[in-house]
Amino acid sequence: MKKLFALILALCMLAAMAGCGASETPAATTAAPAAAAPADGAETTEAAAPAFVPTNTITYNVSSKAGGNSDLITRTASDIATKLNLVNGKPFVIVNNTDGSGNIIRITTHDSNDPDHTLLCMSSGDLQSMLSADVGLKIEDFSPIATLAADKQLIFGLTGSKMTTFDDIKAAIADGKKINVGGTKSNELKVFEMFVNEIGAADSFNYMMYDSSAESITALMGGHIDLAMGSPAAAVAYVNSNDIVPVVAFSDERFEAPLDTAPTMVELGYSVVQSPMWRGVVAPGTMSQEAQEYWNDVFRQVTESAEWQEYLSKYLLSPYFNDLETTRTIMAETQVSLLTELGG
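The paragraphs below set out a description of the structure included in this document. Remember, predicted model here, so these are calculated numbers, not experimental data. (Residues numbered from 1 in each chain as written. Predicted model: local features only at pLDDT ≥ 70, side-chain atom pairs only at ≥ 80, totals over all residues. Heavy atoms only, no water.)

## Let's talk about the overall build of the protein
Within the protein one finds eleven helices and eleven strands. For the protein, the proportion of its 344 residues judged to be buried stands at 45%. Sequence-distant contacts in the protein: of pairs separated by 6 or more residues, those separated by 24 or more amount to 77%. (Helix = DSSP H or I, 4+ residues; strand = E, 2+ residues; numbered from the N terminus. Buried < 20%, exposed > 50% of the residue type's maximum accessible area, 1.4 Å probe, protein only. Contact = heavy atoms within 4.5 Å.)

Have a look at this one:
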């Protein structure tokens, strides 16, 4: 009996030891194995969602009337962005307002209560006008978004008038006549002053201020002025229709047809006279960094499109897209130069 009891006890101890050994074996896991990391250079299947996309109507402000250079570049850029589906299906509303030489719309942009959905067309000429008016705004009160293009200027005369060549201008000066020239209070005024100083005849001209190149060209065609300053974008259609003629090109080389009949100042025996104008976009100073990056990328894609290249070619503009940091630097440096000229 004692032997039987000892045998049963031994068997129980063996069973217990086997159970302990089994408990030390790791339990099987039901979790799926981790996906292997993509090899270097391999593309992921999903792109990261942008930190900002438009959720409201986009207000795109312009400080000149419809038909001018600023209006044209604004409508072209917004149309391409819409066509390429770059703005989350949200519409643009273009607002033109020239009140206060364009400064009312600049103040309105600055004070926007929806800064991430508000843009303002800004050129170096617009910046000059804003600083000259001393309305309390500088470029640091805005968020520079991108530069898009650059253009230069020419002098235009009315077809069939007595002022269609540089020789006609010289003859009028020699006869003691006052020549009325129209243009904007921006780069056009700056180039005009460079021109009259270069030929040594500042006292022979009157400069008539207009809100846009389109307005001064309209005044020229209406016979209200003798000559008009203007950029290719604003004037090329009227040159093609033979309403006006290019007289002098303010560039280091001639423009392409149909503006190629205008000689440069160097060809006329003078020094180079030119002051290229950049055209770009700013936003309220309170626009978020995410929105700034988003809009810069939108305009990058716009300027890389075939439609944009056609626009530049049609209006004889130079490509000039820049990223956020470069745009900020360009606009800040332009302001420093302008304030120096203004004595501020």
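## So, a nonpolar patch on the surface
Together, I104, I107 and V135 line one region of the surface with nonpolar side chains, adding up to about 200 Å² of accessible area. With respect to the helices, strands and loops of the structure, V135 is situated in the loop between α4 (124–133) and β4 (142–151). (Patch = residues over 30% accessible without salt bridge, like charges linked within 9 Å, V, L, I, M, F, W, Y side chains within 5 Å. Areas by Shrake-Rupley, 256 points an atom, 1.4 Å probe, with all protein chains shown as cover. Salt bridge = Lys/Arg side-chain N within 4 Å of Asp/Glu carboxyl O.)

## Some points on the sheet that holds strand β7 (residues 205–210)
Hydrogen bonds between backbone groups are what pair the strands of a sheet, and the pairing can be parallel or antiparallel. The sheet built from five strands is open, its strands ordered β7-β6-β8-β5-β9 with mixed pairing. A single partner strand is all that each edge strand has here, and the edge strands are β7 and β9 (244–250). Sheet twist, expressed as the mean angle between neighbouring strand axes with direction ignored, is 30°. Here six bridges tie strand β5 (residues 153–158) to β9, and the two strands are oriented antiparallel to one another. Across the sheet, the residue bridging to L154 is A249, located in β9. Sitting on the sheet, helix α6 (residues 187–198) is in contact with β5, β6 (179–184), β7, β8 (227–230) and β9, with an inclination near 175° to β7. Packing of helix α8 (residues 232–240) onto the sheet brings it into contact with β5, β8 and β9, and relative to β9 it is tilted by some 145°. (Pairing = 2+ DSSP bridges. Axes fitted to C-alpha atoms, helices over the stretch in contact; angles between N-to-C directions.)

## Quick notes on the environment of P258
Among the structural elements, P258 can be located in the loop between β9 and β10 (277–284). Considering only alpha carbons, one finds P258 and P232, 26 residues apart in sequence, at a separation of 9.6 Å. When near neighbours in sequence (up to four residues on either side) are disregarded, P258 contacts V236, V239, N240 and P246.

## A look at the environment of A283
Topologically, A283 is positioned in strand β10. Judged by relative accessible area, which is 0%, A283 ranks as buried. On a C-alpha basis, the gap between A283 and N61 in space is 9.6 Å, while along the polypeptide they are 222 residues apart. Other than its neighbours up to four places away in sequence, A283 contacts T118, L119, F142, S143 and I145.

## Details of the environment of A51
Looking at the secondary structure, you find A51 in the loop between α1 (2–23) and β1 (58–62). Between the C-alpha atoms of A51 and A291, which are 240 residues apart in sequence, the distance is 7.9 Å.

## With respect to the packing of helix α7 (residues 213–221) against α8
Following both chains from N to C, one finds α7 and α8 inclined at 30°, their axes separated by 9 Å at the closest point. The orientation of α7 with respect to α8, classified from their angle, is roughly parallel. Relative to α8, α7 is oriented so that their crossing is right-handed. In contact with S213, A214, I217 and M221 of α7, α8 contributes A234, A235 and Y238. Of the residues contributing to the contact of α7 with α8, the split by class is six nonpolar, one polar and no charged. (Parallel < 35°, antiparallel > 145°, perpendicular 65-115°, else oblique. Left-handed = near helix turned anticlockwise from the far one by under 90°. Nonpolar A, V, L, I, M, F, W, Y, C, P; charged D, E, K, R; others polar.)

## Considerations on α6
End to end, α6 covers 16 Å across twelve residues, agreeing with the expected 16 Å (1.5 Å per residue, within 8%). Every buried residue of α6 is accounted for by N187, E188, L189, V191, F192, F195 and V196. Of the residues flanking the end of α6, it is G200, one or two places downstream, whose phi is positive at about 65°. (Expected span 1.5 Å × (residues − 1).)

## Notes on the packing of aromatic side chains
Per the counting criterion, the structure on display carries 14 aromatic pairs. Centroid distance Y60 to F299: 6.3 Å. Interplanar angle 70°. Geometry classified as edge-to-face. Placement of Y60 in strand β1 and of F299 in helix α9 (residues 289–303) is noted, with a sequence separation of 239 residues between them. Exposure class is identical for Y60 and F299. Each is buried. (Phe/Tyr/Trp six-rings, centres within 6.5 Å; stacked < 30°, edge-to-face > 60°.)

## Side note on the nonpolar core
Counting residues in hydrophobic clusters, the biggest one holds 32 residues, and the most contacted among them are F92, L119, I145, W295, F299, V302 and W308. Looking at this core, the elements with two or more residues in it are β1, α2 (69–83), β3 (118–123), β4, α8, β10, α9 and α10 (306–314). Counting residues per element, this core draws most heavily on α9, at six residues. Other than its neighbours up to four places away in sequence, I145 contacts V281, V282, A283, M287, Q292, W295, N296, F299, N322, L324 and T327. Within the second largest apolar cluster, 23 residues are counted, among which are I179, V181, I199 and V248. (Core = buried A, V, L, I, M, F, W, Y, C linked by side-chain atoms within 4.5 Å.)

## Examining the pairing of β6
Looking along a regular strand, one sees the side chains alternate between the two faces of the sheet. Counting buried positions along β6 yields five of six residues, so the element is predominantly enclosed. Here β6 runs beside β7; their pairing, made up of six bridges, is parallel. Looking at the pairing, I179 lines up with F205 of β7. Note on the crossover from β6 through α6 to β7: the handedness is right-handed. (Right-handed = clockwise from strand over helix to strand, strands pointing away.)

## Details of unusual backbone geometry
Working note: non-glycine residues mostly have negative phi, and peptide bonds are mostly trans. That bond from A257 to P258 is cis: its omega, 10°, falls within 30 degrees of zero. Phi is positive for N88, which is not a glycine, with a value near 60°. Residue classification places N88 among the partly exposed positions, given a relative accessible area of 43%.

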